[in-house]
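# Summary of the model geometry
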Amino acid sequence: MSGPRAQAGSIRRVSGPIVEAVGMASAQAYEVVRVGPQALIGEVIKLAGDVATIQVYEYTGGLRPGDGVQRTGAALSLVLAPGLLGSIFDGIQRPLSMLAEQTGAFLKPGVVADALDVARKWRFVPRVRPDQELRAGEAFGVVQETRAIEHRLLVPPGVEGKVSTVEPEGEYAITDVLCVMDGEAGPAELTMIQRWPVRRPRPFRRRRASTQVLVTGQRVIDTFFPIARGGTAAVPGDFGTGKTILQHQFAKWSDADVVVYVGCGERGNEMTDILRSFPELEDPHTGRSLMERTVLIANTSNMPVAAREVSIYTGITIAEYYRDMGYAVALMADSTSRWAEALREASSRLEEMPAEEGFPAYLAARLAQFYERAGLVETLGGDEGSITVVGAVSPPGGDFSEPVTQHTTRFVRCFWALDPDLAHARHYPAISWLDSYSEYVGDVADWWARFNPDWSAQREEMMNLLAEEDRLQQIVRLVGPDVLPDAQRLVLLVADMFKTGFLQQDAGDEVDTYCAPRKQELLLKGFVDFLRGTRRIIAQGAPIARVRQLPIIQDLLRARSVIPNDDEEALDGLLGRLADQLDELAREYS
Amino acid sequence: MIQDSPVQYVGVDRVEEPLIFVSGVHGVGYDETVEVLDPQGNARPGTVLEVNGQTAVVQVLGGTIGLSNTGTRVRFHGRPLSVCVSEDMLGRAFDGLGRPIDGGPAPFGGELRDVNGVPINPAARTYPSEFIQTGISIIDGSNSLIRGQKLPIFSGSGMPHDRLAAQIVRQATLPGQEASFAVILAGMGIKNDEVEFFRHSFESAGVLGKVALFLSLADAPSVERVQTPRTALTLAEYLAVDKDMHVLVILTDMTNYCDALREISSARDEIPARKGYPGHLYSDLAAIYERAGRIEGSEGSITLMPILTMPSDDISHPVPDLTGYITEGEIVCDRSLFRQGIYPPVSALLSLSRLMKDGVGAGATREDHMDISNQLYAAYSRVDSVRGLASVIGEEELSPMDRQVLEFGDAFEKQYVNQGEDENRSVEQTLDIAWRVAGILPRSELARLSDELLDRYYRRESERERPDAEGNE
């Protein structure tokens, strides 16, 4: 990064967050500038002659024509170093907790603070010796950032050569020089910090195909619409359908090593909720506090809209940084629609020609660029790292034909459609089993088959049951269920049981909130066994009323919240009793 | 107000309601406050919407009627639009800019505050979790209001949203605590008789002394509406953060507010998004709604109840739609319940309180609260389809189970939802009614409730125990 070259332009026009300045002929596109007497942070988004159009990330009230604009010579970059985990930042990486302590509860414009604590000492353990050859992406040392995550200090992209000196193990600040390398381009001094421009994807060696499920602990997702590590998913849903709770559930229970949660144009209290609850919650995979693996980016709906646009990139750049260390990272963006609206707002103030519904024509390209930064890759250091992206979409009026939803579906491979009717009936998660899909089902079938060789067939059997139930419901609405033959009434019964006992999941229930893959698989088997067994019995002539009376039904329905994840014995016992009761009834009618 | 020797310009370039374009200006800042003097010398306030070189676009809050290109004088104040706030404002009535309209003098002293406020740092918020008892079953039982929550009422023209809001103001308490609320009512495009209704209702409940009214009447200049909620919330923030008070803010009617915003946007030739509303409507509404909440280090709170009328009862209209995406739930009024004479005509299925789960249950209300509420929702969601079926094949043809569902639906609406305008039910009473209604269904149908809760609270309401239509046992 080149040092700041203070070179002044001057403001000509101010309209909301968009400022035009003259005397900016040498400015670069996407360079960071400091605007006006308060030195507000802005970014050059358009250049024409010596006029630069600047998007300002803070409230611009009081700016006037003639006020100065300082160039910094650098693109908007993040400070990447130990201390990111457990922190909450705004869209341009200002540390919100620290600001709250220093400047009070309200975010005043123009405040500056170091993104990370430069005074804090970290225990550095070198991993190289002098004269060792090092390439970009290889670790020269490590720092135990939290109990859960070892922070690998990597040689930044573009740097390679021979280690000339390296500091011994000890306590260092992130700004201390720890390792000096001699390369063709001259010596390079490495600290714990890497700076990286947010809009540029970090490099890796190559992409790999993913065959491993990112376990979310949510049955309807892992079993029916699974997402692979490095995959992309969209959660579209009208307000009140539970997008945010679902995103919180992913952030809590998915088996990623690191979680980056971007609250983009959403409610302030939702971020507070995470800040309050995550430190108390335990990661079921490592037993550590969830906050130790989480980075929060909060640009709530009332914070400056331009910073909302960049918050998504801030989030994914941090995700890439941990991916490069060889971690599986999951990024939740809530909500990409608010991000798209920030684009629209800026575009409208720039008086660009709008495409659909006022959105700029480059909306689709920007969405694609964002989702393409997900993936399972071989890092520069040769490790395997991944970023899984889950983006919430908030379609106006719940209409999925609007531009953001439509463009998003082109770039994601998982679509978890939220159904307002399910939400109104308090069926959560309100993921529609008819409208949702996952293109990863085939990719991850082998992963599931390790638990249960019959998994694909069982999954399909239950999907067919649900589709058939939907068809039968259309008849039932017209004539009532009584005219249906028992075999079809059985479909209604089992589908109903399956919805209550499997598809529904109670985020507030201590046991049910996370369902381990093994439990998911056994529960699925339970319902499939029940369906297959009762179908046979009905075919033998037993009335549906006898099936309804089976006591196992209540056990099956309550198993999700009664039987803990690790109690395999109880699950096996349930399946055993199920088989016994079915056999008994079958004998009666054979 | 502090006078800070403003710069004055004579004559403007263009007058286009509600904007004026002033050229030849120097040192004018974006969003600063302006005083526009008409040829007769009467002042009206305004704000700078855009500065471009030596031209300033000014939004005139008093409307542009009577302004001329040559005779208009404009004074720029060099600071954002501000209002003087103090505790003395409770018990008084003001216009949308904070000027008294009740004939009294301007409140003495106080602090000058920027009406736009400053965003709350999300890391400095306290998560709201204290249950407010409104005495209304469908709210307390199924869509609980939490201190510091923003919970709007979605209504339609002619429906009793005002009466519902007034009842909430009269009855809202924290169970077991005496502390009551200061109330701030911001009326945007509100009609004179609505103002009278609220005033009378607060007066008869004896709370008028704790109420501040900010009114931009339906016949007042429409652009004043855009400032009204901001002025009201500036006072609310002062009372909650600086004076540790609990404030309940009612904004009515947000649809009028949004229409005023659309008017200004269209006068500025902005590219519209849906239905002509500006693309920044979401951010604009968020800047208002997100001022609700609680912050660390302050005892006070701002609980926000915006009221909006859905044009043609359409919940997908941009105003309710964007509101619903920002607020923490919504209370939705339903035309068909209203026609049946049910008060409050709140649609259970469409309504939601997102913060309810954190404010109810053992220790706060009662252990069974969340579960019985979810069970009622699940059961009531079946009622519509059974009613549809009954209208096709006739009630007689329904299975016994379906008939019970029908009976449950009627009881839910008539006993649980329906209540008197002055009926103040405790949360225990509400939950007891909930269990009585649930008792119409057989125990095996109540899959959302644990055996433990069922053993404690469930009583089967069998046909025989209840009096029939003739009152015979």
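### A few points about helix H2 (residues 161-171) of chain B
All names here are of chain B. Where burial is concerned, most of H2 is hidden: nine out of the eleven residues are buried. Three or more residues of H2 are buried, namely His161, Asp162, Leu164, Ala165, Ala166, Gln167, Ile168, Val169 and Gln171. Turning to H2, the residues buried within the fold contact helix H1 (137-140), strand S14 (153-155), strand S15 (182-190), helix H3 (192-204), strand S17 (246-252) and strand S19 (301-309).

### Here's the deal with a negative patch on the surface
Residues and elements named next belong to chain A. Among the surface-exposed residues, Asp131, Glu133, Glu160 and Glu184 lie close enough to one another that they form a single negatively charged patch. Along the chain, Asp131 falls in the loop between strand S9 (122-126) and strand S10 (133-134). Assessed through its relative accessible area of 57%, Asp131 is described here as exposed.

### Quick look at the environment of Val528 of chain A
Residues and elements named next belong to chain A. Along the chain, Val528 turns up in helix H13 (residues 517-539). When the C-alpha positions of Val528 and Met462 are compared, they lie 7.1 Å apart, and in sequence the two are 66 residues distant. Discounting residues that sit within four places of it in the chain, Val528 has contacts with Gln458, Glu461 and Met462.

### Quick look at the confidence of the model for chain B
Residues and elements named next belong to chain B. The share of residues in chain B with pLDDT of 70 or more is 96%, and the mean pLDDT across the chain is 89. Mean pLDDT per element in chain B: strand S1 (residues 7-10) is the minimum at 87, and S14 is the maximum at 97. When the criterion is pLDDT under 50, residues 463-473 qualifies, and its contacts beyond four places in sequence or with other chains add up to six contacts. Predicted complex, confidence summary: ipTM 0.88, pTM 0.92.

### Points about the interface of chain A and chain B
Tallying the contact residues gives 75 residues for chain A and 78 residues for chain B. Carbon and sulfur atoms supply 55% of the area buried between chain A and chain B, which totals about 5800 Å² over both sides. Ranking the residues of chain A by area buried against chain B places Phe239, Arg267 and Arg426 of chain A at the top, with a combined share of 14%. Between chain A and chain B we count three salt bridges in total. In this structure, the salt-bridge partner of Glu32 of chain B is Arg64 of chain A, at a minimum N-O distance of 3.9 Å. One can count 30 residue pairs in polar contact (both at pLDDT 80 or more) joining chain A with chain B. For the side of chain A that touches chain B, the elements supplying multiple residues, two or more each, are strand S1 (8-15), helix H1 (96-103), helix H3 (243-253), helix H4 (268-277), helix H5 (305-324), helix H6 (336-349), helix H11 (455-479) and helix H15 (552-562) of chain A. By residue number, the principal contributor to the side of chain A that touches chain B is H4 of chain A, which donates seven residues. The residue makeup of the side of chain A that touches chain B, split by class, is 27 nonpolar, 26 polar and 22 charged. Note: S1 of chain A against strand S5 (residues 43-52) of chain B, two bridges, orientation antiparallel. Bridge pairing links Val14 of chain A to Val51 of chain B in S5 of chain B.

### A word on the sheet that holds S9 of chain A
All names here are of chain A. If you trace the four strands from one edge of the open sheet to the other, you get S12-S11-S9-S14, paired in antiparallel fashion. The strands lining the two open edges of the sheet, one partner per strand, are strand S12 (150-154) and strand S14 (170-172). Strand after strand, the sheet turns through a mean of 40° between neighbouring axes, direction not considered. Examined bridge by bridge, S9 and S14 share three bridges and lie antiparallel to one another. Paired with Trp122 across the bridge in S14 is Tyr172.

### Thoughts on the nonpolar core
Residue and element names in this part refer to chain A. Within the largest apolar cluster, 95 residues are counted, with the highest numbers of intra-cluster contacts made by Trp416, Met462, Phe498 and Phe530. With ten residues, the single largest contributor to this core is helix H12 (residues 486-503). Counting only domains with at least three residues in this core, you end up with domain 3 (206-445) and domain 4 (455-588). Aside from chain neighbours lying at most four places away, what touches Trp416 is Ile221, Phe225, Ile227, Ala233, Ala234, Val235, Pro236, Phe250, Val390, Ile431 and Ser436. Listed in part, the 74 residues of the second largest apolar core include Leu78, Ala188, Val310 and Val329.

### Points about the domain arrangement of chain A
All names here are of chain A. By the assigned domains, chain A splits into domain 1 (6-75), domain 2 (122-195), domain 3 (206-445) and domain 4 (455-588). For the pair domain 2 and domain 3, the summed buried surface comes to about 1300 Å²; carbon and sulfur atoms form 54% of the total. Sorting the residues of domain 2 by area buried against domain 3 places Arg147, Ile149 and Arg152 first, and these three jointly supply 41% of that buried surface. At the surface where domain 2 touches domain 3, the tally comes to one salt bridge. Taking the shortest distance from any N to any O, the salt bridge between Arg147 and Glu292 comes out at 2.6 Å. There are eight residue pairs in polar contact (both at pLDDT 80 or more) connecting domain 2 and domain 3. Here the side of domain 2 that touches domain 3 gets four residues from one element, more than from any other, and that element is S12.

### Some remarks on the confidence of the model for chain A
The pLDDT averaged across chain A works out to 92; a share of 99% of its residues lies at or above 70. Low pLDDT, under 50, characterises residues 1-5 of chain A; the stretch is placed with ten contacts to residues that sit more than four places away or in other chains.

### Brief notes about the packing of helix H10 (residues 369-380) of chain B against helix H12 (residues 400-417) of chain B
Residues and elements named next belong to chain B. Across the interface, H10 lies against H12 with an axial gap of 10 Å and an inter-helix angle of 130°. For the element pair H10 / H12, the angle class is oblique. Where H10 crosses over H12, the handedness of that crossing is left-handed. Residues Leu376, Ala379 and Tyr380 of H10 form the contact with H12, whose participating residues are Phe408, Gly409, Phe412, Glu413 and Tyr416. Broken down by class, the residue content of the contact of H10 with H12 amounts to six nonpolar, one polar and one charged.

Procedures and definitions
- Residues numbered from 1 in each chain as written.
- Chains lettered and ligands numbered in written order.
- Predicted model: local features only at pLDDT ≥ 70, side-chain atom pairs only at ≥ 80, totals over all residues.
- Heavy atoms only, no water.
- Buried < 20%, exposed > 50% of the residue type's maximum accessible area, 1.4 Å probe, protein only.
- Helix = DSSP H or I, 4+ residues; strand = E, 2+ residues; numbered from the N terminus.
- Contact = heavy atoms within 4.5 Å.
- Patch = residues over 30% accessible without salt bridge, like charges linked within 9 Å, V, L, I, M, F, W, Y side chains within 5 Å.
- Areas by Shrake-Rupley, 256 points an atom, 1.4 Å probe, with all protein chains shown as cover.
- Salt bridge = Lys/Arg side-chain N within 4 Å of Asp/Glu carboxyl O.
- Lys, Arg positive; Asp, Glu negative; His and termini not counted.
- Charge placed at Lys NZ, Arg CZ, Asp CG, Glu CD.
- pLDDT = per-residue confidence, 0-100.
- Buried area = accessible area lost by both parts, 1.4 Å probe.
- Polar contact = N/O pair within 3.5 Å; in protein donor to acceptor, adjacent residues only side chain to side chain.
- Nonpolar A, V, L, I, M, F, W, Y, C, P; charged D, E, K, R; others polar.
- Pairing = 2+ DSSP bridges.
- Axes fitted to C-alpha atoms, helices over the stretch in contact; angles between N-to-C directions.
- Core = buried A, V, L, I, M, F, W, Y, C linked by side-chain atoms within 4.5 Å.
- Domains from an automatic or database assignment.
- Parallel < 35°, antiparallel > 145°, perpendicular 65-115°, else oblique.
- Left-handed = near helix turned anticlockwise from the far one by under 90°.

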